[in-house]
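A look at the structure
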Amino acid sequence: MFNEKREEEFYELVGQGICPQCGSYLVIRNGKYGEFFECSNFPHCRFTFNYDENN
């Protein structure tokens, strides 16, 4: 998906709970396929990221 450096930066942002697209907070939601991160600024920002406890 990302190159190694980009992935490291991405996980650092997600770990801080900040949306990399708009800077709002990320929240954990439950969906049909399990938990995922979603931007708290939805629907203006549609950033989502699958949450996997094993990673």
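Residues numbered from 1 in each chain as written. Predicted model: local features only at pLDDT ≥ 70, side-chain atom pairs only at ≥ 80, totals over all residues. Heavy atoms only, no water.

Once that is clear, we can look at the environment of Q21. Tracing the backbone shows Q21 in the loop between helix 1 (4–15) and strand 1 (26–31). It is 8.9 Å that separates the C-alpha atoms of Q21 and R46, two residues lying 25 residues apart in sequence. (Helix = DSSP H or I, 4+ residues; strand = E, 2+ residues; numbered from the N terminus.)

Another aspect to go through is the pattern of salt bridges. The full count for this structure, using the stated rule, is one salt bridge. We note a salt bridge from E38 to R29, for which the minimum N-O separation is 2.9 Å. (Salt bridge = Lys/Arg side-chain N within 4 Å of Asp/Glu carboxyl O.)

Pairing is antiparallel across the open sheet formed by three strands, whose spatial order is 1-2-3. In this open sheet, the two edge strands, each paired with only one partner strand, are strand 1 and strand 3 (48–50). Each adjacent strand pair in this sheet contributes to an overall mean axis angle of 30 degrees, direction not counted. The sheet contact formed by strand 1 and strand 2 (residues 34–39) spans six bridges and is antiparallel. Paired with R29 across the bridge in strand 2 is F36. (Pairing = 2+ DSSP bridges. Axes fitted to C-alpha atoms, helices over the stretch in contact; angles between N-to-C directions.)

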